[in-house]
Amino acid sequence: MWILLIEDEARLAGAVQRGLEEEGYRVDLAADAEAGERLALANAYDAFVVDWRLPRGDGKTLVERVRAAGKDQPVLMLTALADVEHRVAGLDAGADDYLPKPFAFEELVARLRALLRRPPLSDVERTVSVGPLTIDAERRRATMDGPGGEAVLTLRPKEYALLEVLLRSAGDALSRTVLAERVWGDALYVTDNALDVTVSGLRQRLADAEGASRAARAPRVETIRGVGYRLAPAEGRAEPAP
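Numbering of residues starts from 1 in each chain and follows the order in which that chain's sequence is written. Residues qualify for local features only when their pLDDT is at least 70, as the model is predicted, and side-chain atom pairs are given and counted only at 80 or more; totals for whole chains, interfaces and linings, by contrast, use all residues. In computing side-chain values, all of the structure's heavy atoms are included and hydrogens and water are not.

**Topic: the pattern of salt bridges**
A carboxyl oxygen of Asp or Glu within 4 Å of a side-chain nitrogen of Lys or Arg is what we treat as a salt bridge. Summed over all chains, the structure comprises 17 salt bridges. Two residues, Glu 64 and Lys 60, come together in a salt bridge whose shortest N-O distance is 3.0 Å. Of this pair, Glu 64 and Lys 60 are both found in helix α3 (residues 59–68), 4 residues apart, which corresponds to roughly one turn of the helix. In this scheme, a residue with accessible area under 20% of its type's maximum is buried, one over 50% is exposed, and one in between is partly exposed, where area comes from a 1.4 Å probe on protein chains only. Residue Lys 60 is classed as partly exposed on the basis of its relative accessible area, which comes to 24%. For Glu 107, the salt bridge is made with Arg 111, and the minimal N-O distance between the two is 3.0 Å. Of the two residues, Glu 107 and Arg 111 are both situated in helix α5 (residues 105–116); the distance of 4 residues between them amounts to about one turn of the helix. Judged by relative accessible area, Glu 107 falls into the partly exposed class, the value being 34%. Look at Arg 111 and you get partly exposed, because its relative accessible area is 26%. Within this structure, Glu 7, Glu 9, Asp 51 and Lys 101 form a network of salt bridges that share partners. The helix and strand labels rest on DSSP assignments: H or I over at least four residues marks a helix, E over at least two residues marks a strand, and numbering proceeds from the N terminus.

**Some remarks on the sheet that holds strand β7 (residues 97–100)**
In a beta sheet, neighbouring strands pair by backbone hydrogen bonds and run either parallel or antiparallel. Here the rule is simple: two strands pair whenever DSSP picks up at least two bridges between them. Across the sheet, 5 strands lie side by side as β2-β1-β3-β6-β7; this open sheet has parallel pairing. This sheet does not close on itself; its edge strands, each paired only once, are β2 (26–30) and β7. Between one strand axis and the next, the sheet turns by 20° as a mean value, whatever way the strands run. Relative to β2, strand β1 (residues 2–6) runs parallel, the two being bridged by 5 bridges. Comment: axis = line fitted to C-alpha atoms, over the contacting stretch for helices; angle = value between 0 and 180 degrees taken between N-to-C directions.

**Observations regarding the pairing of β1**
Burial analysis of β1 places 5 of its 5 residues in the buried class, the great majority of the element. Of the two faces of β1, both are covered, the one formed by Trp 2, Leu 4 and Ile 6 as well as the one formed by Ile 3 and Leu 5. Relative to strand β3 (residues 47–51), β1 runs parallel, the two sharing 4 bridges. When the sheet's bridge partners are listed, Leu 5 is paired in β3 with Val 49.

**Notes on α3**
Those residues of α3 lying buried are Gly 59, Leu 62, Val 63, Val 66 and Arg 67. The buried residues of α3 occupy an angular sector of 130° when the element is viewed end-on, so they sit on one face. As for α3, its buried residues are in contact with β1, α2 (33–42), β3, β4 (53–54), β5 (57–58) and β6 (75–79). Two N or O atoms form a polar contact when they lie within 3.5 Å of each other; inside protein one atom must be a possible hydrogen donor and the other a possible acceptor, and for residues adjacent in sequence the pair counts only when both atoms belong to side chains. Its side-chain oxygen 3.1 Å from the backbone nitrogen of Lys 60, Asp 58 forms the N-cap of α3. When we speak of the arc, we mean the arc of directions from the helix axis to the C-beta atoms. Whether two residues are in contact is decided by their heavy atoms, any of which lying within 4.5 Å being enough.

**Here we look at the packing of helix α7 (residues 157–168) against helix α9 (residues 192–213)**
The N-to-C vectors of α7 and α9 enclose an angle of 80°; their axes lie 9 Å apart at closest approach. Here α7 is positioned roughly perpendicular relative to α9, judged by the angle of their axes. Facing Lys 158, Glu 159, Leu 162, Leu 163 and Leu 166 of α7, the residues of α9 in contact are Thr 198, Val 199, Gly 201, Leu 202 and Arg 205. Note on residue categories: nonpolar means Ala, Val, Leu, Ile, Met, Phe, Trp, Tyr, Cys or Pro, charged means Asp, Glu, Lys or Arg, and polar means any other residue, Gly included. Its residues placed into classes, the contact of α7 with α9 shows 5 nonpolar, 2 polar and 3 charged. Working rule for angles: under 35 degrees goes down as roughly parallel, over 145 as roughly antiparallel, 65 to 115 as roughly perpendicular, anything else as oblique.

Written out as structure tokens, the structure reads:
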């Protein structure tokens, strides 16, 4: 496995690099955000380990740019910022997991192994459609087809993740806890407001794409009172609750 470690604390970076190499990983090291982004976009790494605070940028912005460029490898974010808002912001930027500093090297390796166990998508899993709405999970791309042509949904990372979860369970009501765990990775650190804002943003993106494509019978994100949300196929759907 080939890992990119982006960390500016020289002693920590050196120790983590040596430890990972002893575990059998190949490790490249970058000491600032610009160098890290350049390496991340130029090479086919298996995973990224990214510090939040970096010279010449920051880890959150770096992850956003890497995701926007189509890189979907697992990202483990390191942060000395212990508050919940920063943890959620890191996950919302596209990170898959985070590890607060200081940390035990054994935990870093365990979290990295867990992320790398994610199986590759099969052809069946890669593309999922409900009516005119389709996602390409490999490219993290969502489109709406209609008489007006194909409209690409411009989604933030967590809006895309939420759409994929709802689309793969279309018609089923998913609880707020389940959605928080699947989209953010840990329900304990996700507020109701964070989920509601993400749902609201996703609904707007769907409405924009429906209008641009003039798609008929497009699915909607419905509120299921007392439970959570579901993506309702056009047939027999109810209007979303306010």
